[in-house]
Amino acid sequence: MAGWRVQSVDLTGRTAELLGLQPTGSVFLGCSLEDKVDGWIRDGGGLVFPAIPELPFDAYRGRLYDADELYAGLEHGYEATPDARIYAWSRQHDEKGDTSRTLAAALHDHAIADALGELPDDEPWVGVMGGHGVLRGDGNYRAAVLLGRTLARRNHLVVTGGGPGAMEAANLGASLASYDEAEVDAALAELAAVPSFRPSIGAWAAAGLSVRARFPGNGGVSIPTWFYGHEPPNVFAGSIAKYFSNAQREDVLLGRARGGIIYLPGAAGTVQEVFQAVTPNYYGDAATQIPLILVGVAHWTTQLPVWPLLQSLATNRPMTHSIHLVDTIDEAASLVS
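Here, residues in each chain are numbered from 1, in the same order as that chain's written sequence. Given that the model is predicted, a residue must reach a pLDDT of at least 70 before its local features are reported, and side-chain atom pairs must reach 80 or more before they are shown or counted; all residues, however, enter totals for whole chains, interfaces and linings. Only heavy atoms go into the side-chain values, all of them from the structure, while hydrogens and water stay out.

1. Re the sheet that holds strand 3 (residues 47-49)
Spelled out, the test is: Paired strands, as defined in this entry, are two strands with at least two bridges between them according to DSSP. Numbering of helices and strands starts at the N terminus; helices are DSSP runs of H or I of at least 4 residues and strands are runs of E of at least 2. Only C-alpha atoms enter the line fits that serve as axes; for helices the fit covers just the stretch in contact. Angles between N-to-C directions range over 0 to 180 degrees.
Read across the open sheet, the three strands follow the order 1-2-3; overall the sheet is parallel. Both edges of this open sheet fall to strand 1 (5-7) and strand 3, since each of them pairs with a single strand only. For this sheet, the mean angle separating the axes of adjacent strands, direction not counted, is 10°. Sheet topology places strand 1 next to strand 2 (residues 27-29); three bridges connect them, and they run parallel. Opposite Q7, over in strand 2, you have L29 as the bridge partner.

2. What to know about the packing of aromatic side chains
For any pair of aromatic rings, the description rests on two quantities: the centre-to-centre distance and the angle between the ring planes. The condition that has to hold: Side-chain rings of Phe, Tyr and Trp (the six-membered ring for Trp) are treated as a pair once their centres are within 6.5 Å; stacked means planes under 30 degrees apart, edge-to-face means over 60, and tilted covers the remaining angles. We call a residue buried when its accessible area falls under 20% of the maximum for its residue type, exposed when it is over 50%, and partly exposed in between, using a 1.4 Å probe and counting protein chains only.
This structure, assessed with the given rule, holds ten aromatic pairs. Residues F57 and W89 carry aromatic rings whose centres are separated by 5.0 Å and whose planes lie at 75° to one another, so their mutual orientation is edge-to-face. A residue pair is termed long-range when its members are at least 10 positions apart, and F57 in the loop between strand 3 and helix 3 (67-70) and W89 in helix 4 (residues 82-96) qualify at 32 residues. For F57, a relative accessible area of 9% puts it in the buried group.

3. A closer look at the domain arrangement of the protein chain
Formally: For the purposes of this description, domain bounds are those given by an automatic or database domain assignment.
Domains assigned within the protein chain are domain 1 (1-50) and domain 2 (125-334). Each of domain 1 and domain 2 has a C-alpha centre, and the two are 42 Å apart.

4. Notes on the sheet that holds strand 5 (residues 157-160)
One key point about sheets: their strands pair by backbone hydrogen bonds, in either a parallel or an antiparallel sense. Reading across the sheet, the seven strands line up as 7-6-5-4-8-9-10 and stay open at both edges, with parallel pairing between neighbours. What marks the edges here is a single partner per strand, and that holds for strand 7 (239-240) and strand 10 (323-326). By the bridge criterion, two bridges tie strand 5 to strand 6 (residues 221-222) in an arrangement that is parallel. For T160, the partnering residue across the bridge sits in strand 6 and is S222.

5. Remarks on helix 8 (residues 181-192)
Note the following rule: Every helix has an expected span of 1.5 Å times one less than the residues it contains. An arc is given here, and it is the one of the directions from the helix axis to the C-beta atoms.
If you check helix 8, its first and last C-alpha atoms are 16 Å apart, about what twelve residues at 1.5 Å a residue would give, namely 16 Å. Among all positions of helix 8, only V184, A187, L188 and L191 are buried. What you see down the axis of helix 8 is that its buried residues fit within an arc of 95°, all on one side. Of the exposed residues in helix 8, those oriented more than 90 degrees away from the buried face are A182 and A189.

6. Some remarks on the side chain of H156
Here is the rule we go by: Any two residues having at least one pair of non-hydrogen atoms within 4.5 Å are treated as being in contact.
Along the chain, the position of H156 falls in the loop between helix 6 (139-153) and strand 5. Judged by its relative accessible area of 9%, H156 is buried. In this view, H156 contacts E123, P124, V126, L151, V336 and S337; residues no more than four positions away in its chain are not counted.

7. What about the environment of N281?
Its location among the elements puts N281 in helix 11 (residues 268-283). Of the residues examined, N281 reaches a relative accessible area of 2% and is grouped as buried. Each C-alpha atom, one on N281 and one on G165, is 27 Å from the other, the two residues being 116 residues apart in sequence. Apart from residues lying up to four places away in sequence, N281 is in contact with T288, Q289, I290, L292, M319 and S322.

8. Re the environment of R249
Basically, it comes down to this: In the analysis that follows, any N or O atom pair within 3.5 Å is treated as a polar contact, provided that within protein one partner can donate a hydrogen and the other can accept it, and provided that, for residues neighboring in sequence, both atoms belong to side chains.
Tracing the chain through its elements places R249 in helix 10 (residues 246-256). Note on R249: relative accessible area 3%, which makes it buried. Between the C-alpha atom of R249 and that of I223, which follows or precedes it by 26 residues, the distance is 6.6 Å. Aside from chain neighbours lying at most four places away, what touches R249 is G161, I223, P224, T225, Y228, Y243 and E273. At 3.0 Å, the side chain of R249 forms a polar contact with the backbone oxygen of G161. In this structure the side chain of R249 is engaged in a polar contact, spanning 2.9 Å, whose partner is the side chain of N246.

Structure (structure tokens):
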């Protein structure tokens, strides 16, 4: 078994086979094993990380989430879903300062990062960031849908922060890449009947699942977090890498978007993501630059004057060629690699 790394697999039916092998150098993470196999592996030089009891999630999961898993049981109310129960667990144990909680969450996030790293990277990953408050039916929502659709049609993999608003719209747009304008309009019209996740996450998610069933497609990747429990994950991403740690989630999100990052109008969270991505550009050389594109001249120069500061930082540095301010999604899409 030297070199084996077995993760979250039920091996109770493989006892005879396992006892016939030498366990030295093996690692078993959260697997189901009969007691004599467990002892055989430990005594023979292998490592066994046992499952952690009473968790509403698998800390050693070997794959990313999808909307069907996170919203399972939605017909009984959002509170009955795994997404809601995991968030409630994280809040309860945060308040207690429970070290077992931090261990379980760290193991889970490690497993998510591992699964995310296994996704193919044959297409450039392009990040789309923006505010969670953009309403379905709003013109800015439609613009983000068209942006995601355009990027997917140009063989980019759309990656977002995974929440509602502009993030949902970009994932939705990617999932609609193979549909015509009339079908896009039909999907948007159906969603507009439930414009926000407030006051009912359940109604908002159900409307999204209905549209996804009507217009199936791969909406790219989303990387949300339970840290922002008030922001439910959108249902349109094909793969959902949901983290407990917001800091780790943002680092992974921005680090994987090597094809460029497009920032739609947003507030504090989007501003944080701008400067988190700017830092490696600021200190990097010409070969390490990532295109950073801000969409909305008035928003980024007057309402939230981020652009003047970026220009000041970029003076006489390679970064001056990697930051852009545009007013349309077509301009933004043309600037990513």
